[in-house]
Amino acid sequence: MQKSYSRLLGIIGKPNTGKSTLFSASTLAPVDIANYPFTTIKPNRGVGYVRTPCVHEEFQVKDNPKNSLCMQGVRLIPVELIDVAGIVPGAWEGRGLGNQFLDEIRRADALVHVVDASGGTDYEGRLCKPGEHDPLEDVKFLEHEITMWMAFIIKKDWAKLSRTAEAESKDLYAMLEDRLSGLGIKRGHIFEATKKTALNPDKPTNWSEEDLLRFVNELRIVSKPMLIVANKMDLPSAKVNIERLRKLNYVVIPCSAEAELVLRRAAEKQLIDYKPGDGSFRIVQQEKLSAGQIKALETVREKVLLENGSTGVQDAINWVYFKLLSMISVYPVEDMEHLADHNGRVLPDVYLIPHGTTAHQFAYLIHTDLGEGFIYAVDARGRKRIGEDAVLKDRDVISIVSAKKRA
Ligand SMILES: Nc1nc2c(ncn2[C@@H]2O[C@H](COP(=O)(O)OP(=O)(O)OP(=O)(O)O)[C@@H](O)[C@H]2O)c(=O)[nH]1
Ligand SMILES: [Mg+2]
């Protein structure tokens, strides 16, 4: 059996910022998009892609991908995305669509906060004059909502939990991990948050209300790392806000989800040659495009691609997986000679795995049998033998030699 190594990315923000547009542009799933708040009520789950240069060119082979796609030298690795309902101030207490939306991001390993950088929507996502609303306020309130929601869950039995931990000399980390596993919070996150807040884990009953809130805030930061997507960068009022957002303690990626959606849809119909994340496109079937469509595409080129380098959507997804979650891509092969699987498929799979994964751990990720029977691995670059503790690198091509064959 293959072990799960996937990471879920949550797309969040107040209503009407372009979350579903970004989701649809990444997944090509048809979802409701509209110019008013709370268009999305039920979450959308779908598959998007991380983009990485494929290794087939370097190894001078023709590949035949199975678990991913290869487009003109670009490997697209599937990842899971969830687009949820908009959140408004006070959501954790039930305002707007309430904390139901928050419950939907429990399992998210990282968050993309889609901000309307044009400042054309108020706190609740209602249209206002462009530039009238300050998107920096949205960053603040959203952080606050998530922290308060987590605090609400933790506080439910904090008094009892902290007393028991102390009275019975139980490990606070283990108790909290057990309590918070449903939020995707691991022991390491709890340990880090305690360390950062310099609170004493042996005396949790001494933590004040304010201490607990500080602790939960750190827990949010370490367990749900967040990237800011400054969306609607195609609108003139976005420019100054993007500069201001950049001064916050976040990585900020300027983006036009709408432009990406236009390009992806045109590429899907083979009207243009465009891969997600490209800095330009080429019209290939001019005769099938109306004058209006050509104008729309050229506006995207001028206002977004030339201005920003790309639409920003792919950069955001890549940043989350490769930087925020520190993942790397590794290609397992069985037949080192042909870089193929046992059916002769060349470079069939590529896995996104955590940075620091060893050859032995990688064997387990592919299949329990390969892990149990692990003898050594071979790195295709230079055909070197590597041992079980060898730490894998991004874009490695690895063959596992095992005493046990995959069932
Ligand atoms: N100018 C511009 N408009 C955009 C962009 N992305 C989305 N929009 C528009 O913003 C509006 C809201 O888009 P949605 O994707 O429905 O927003 P949402 O955040 O999912 O909204 P809720 O589901 O209501 O929370 C729509 O009119 C989109 O066309 C963009 O990059 N630029
Ligand atoms: Mg939506």
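Reading the values: the criteria
Counting of residues starts from 1 at the beginning of each chain's written sequence and follows it residue by residue. Each chain gets a letter, beginning with A, and each ligand a number, beginning with 1, in the order they are written. Reporting of local features is limited, given that this is a predicted model, to residues whose pLDDT is at least 70; pairs of side-chain atoms are given and counted only at 80 or more, and all residues count toward the totals for whole chains, interfaces and linings. With hydrogens and water stripped out, all remaining heavy atoms of the structure feed into the side-chain values. Helix and strand assignments come from DSSP, with helices taken as H or I runs of at least 4 residues and strands as E runs of at least 2, each series counted from the N terminus. Two things to know: the radius of gyration comes from C-alpha atoms, and the globule rule equals 2.2 Å times the number of residues to the power 0.38. Type-normalised accessible area, obtained with a 1.4 Å probe on protein chains alone, sets the label of each residue: buried when under 20%, exposed when over 50%, and partly exposed for intermediate values. Any two residues whose heavy atoms approach within 4.5 Å at even a single point are treated as in contact. Areas reported as accessible are Shrake-Rupley estimates using a 1.4 Å probe. Residue values count occlusion only from the protein chains shown. Just so you know, the count uses Lys and Arg for positive and Asp and Glu for negative, and it drops His and the chain ends. Here the site of a charge means NZ on Lys, CZ on Arg, CG on Asp, or CD on Glu. Each residue is tested against the molecule or strand, and it is near if at least one of its non-hydrogen atoms lies within 4 Å. Polar contact criterion, stated in full: a pair of N or O atoms within 3.5 Å, where within protein one must be able to donate a hydrogen and the other to accept it, and residues adjacent in sequence count only if both atoms are side-chain atoms. Residues are sorted three ways: Asp, Glu, Lys and Arg are charged, Ala, Val, Leu, Ile, Met, Phe, Trp, Tyr, Cys and Pro are nonpolar, and all the rest, Gly among them, are polar. Any carboxyl oxygen of Asp or Glu that lies within 4 Å of a side-chain nitrogen of Lys or Arg is treated as forming a salt bridge with it. Any N, O or S atom lying within 2.8 Å of the metal counts as a donor, with the limit raised to 3.2 Å for Na, K and Ca; because water is left out of the atom set, some sites can appear incomplete. For our purposes a nonpolar core is just a set of buried Ala, Val, Leu, Ile, Met, Phe, Trp, Tyr and Cys residues, chained together by side-chain atoms within 4.5 Å. In this analysis, strands are considered paired if DSSP registers two or more bridges between them. Interaxial angle, 0 to 180 degrees, is taken between N-to-C directions of lines fitted to C-alpha atoms, where a helix line uses only the stretch in contact. Directions pointing from the helix axis toward each C-beta atom define the arc.

> Run through the overall build of the chain, naming residues and quoting values.
Check the secondary structure of the chain and you find 13 helices and 14 strands. Computed over its C-alpha atoms, the radius of gyration of the chain comes to 23 Å, within 12% of the 22 Å expected for a compact globule of 407 residues. With respect to the principal axes defined by its C-alpha atoms, the chain has extents near 65 × 65 × 35 Å. The proportion of buried residues among the 407 residues of the chain is 54%. Sequence-distant contacts, at least 24 apart, represent 67% of the contacts inside the chain between residues at least 6 apart. Here the chain has roughly 18,800 Å² of accessible surface; of this, 51% comes from carbon and sulfur atoms. Seen as two clouds, the 55 positive and the 55 negative side-chain charges of the chain have centres 1 Å apart.

> Can you break down the site of ligand 1 residue by residue, with the values?
Neighbouring ligand 1 are 23 residues; K19, T21, T39, D234 and E258 lie closest to it. A distance of 3.2 Å separates an oxygen atom of ligand 1 from a polar atom in the backbone of A34. Here an oxygen atom of ligand 1 sits 2.8 Å away from a polar atom, N or O, in the side chain of T40. Burial of ligand 1 by the protein chains amounts to 92% of its free accessible area of 660 Å². Sorting the residues of the shell around ligand 1 by element identifies α1 (19–27) and α9 (257–268) as the ones contributing at least two each. Considering only residue class, the shell around ligand 1 consists of eight nonpolar, eleven polar and four charged.

> Lay out the pattern of salt bridges in plain terms, naming residues and giving numbers.
Any two side chains of opposite charge can pair if their charged atoms end up close together. Using the criterion set out here, one finds 27 salt bridges in the structure. Residue D341 is joined to K66 by a salt bridge in which the shortest nitrogen-to-oxygen separation is 3.7 Å. Of the two residues, D341 is situated in the loop between β10 (327–332) and β11 (351–354) and K66 in the loop between β2 (44–53) and β3 (69–71); the sequence distance between them amounts to 275 residues. Since its relative accessible area comes to 8%, D341 is described here as buried. K393 serves as the salt-bridge partner of D396, at 3.6 Å between the closest nitrogen and oxygen.

> Explain the coordination of the magnesium ion (ligand 2) to me, and be specific about the residues and the numbers.
The magnesium ion (ligand 2) binds to the protein through S20 (OG) and T40 (OG1); the donor distances cover 1.9 to 2.1 Å. Residue S20 is located in helix α1, and its partner T40 is located in the loop between α1 and β2; the two are separated by 20 residues in the primary sequence. An identical accessibility class is assigned to S20 and T40; each is buried.

> Before we move on, can you summarise the nonpolar core with the specific residues and values?
Inside soluble globular proteins, nonpolar side chains tend to come together where they are buried. I12, W149, F215 and I272 are the most contacted members of the largest nonpolar core, which totals 67 residues. With residues near it in sequence (within four places) discarded, F215 still touches L176, I190, A193, T194, T197, L199 and W207. Among the nonpolar cores identified, the runner-up in size contains 39 residues, and A110, V320, V333 and V378 belong to it.

> Give a detailed account of the pairing of strand β5 (residues 110–116), specifying residues and quantitative values.
It is a general feature of regular strands that their side chains alternate between the two faces of the sheet. Most of β5 is tucked away, with seven of its seven residues classed as buried. Neither face of β5 is left uncovered, since the one carrying A110, V112, V114 and D116 and the one carrying L111, H113 and V115 both have all their residues buried. The pairing of strand β1 (residues 8–12) with β5 spans four bridges and is classified as parallel. Within β5, the position partnered with L9 by the bridge is A110.

> Pulling in residues and values, what's your account of the sheet that holds β11?
Two modes of strand pairing occur in sheets, parallel and antiparallel, and in both the strands are linked by backbone hydrogen bonds. On the basis of which strands lie adjacent, the open sheet formed by five strands has the order β11-β10-β14-β12-β13 and mixed pairing. Two strands in the sheet have a free side with no partner beyond their single neighbour: β11 and β13 (384–386). Averaged over all neighbouring strand pairs, the angle between strand axes comes to 40 degrees, with direction disregarded. Where β10 lies against strand β14 (residues 396–402), three bridges are found, and the strand directions are parallel. Bridged to V330 within β14 is D396.

> Kindly report on helix α5 (residues 172–180), identifying the contributing residues and their values.
Along α5, the residues that are buried comprise L172, Y173, M175, L176 and L180. The buried side chains of α5 occupy one side of the element, clustering within an arc of 165 degrees when seen end-on. Tucked into the core, α5 has its buried residues touching α3 (135–155), α4 (158–167), α6 (187–197) and α7 (209–223). Where α5 begins, the capping side chain belongs to D171, and its oxygen is found 3.0 Å from the backbone nitrogen of Y173.

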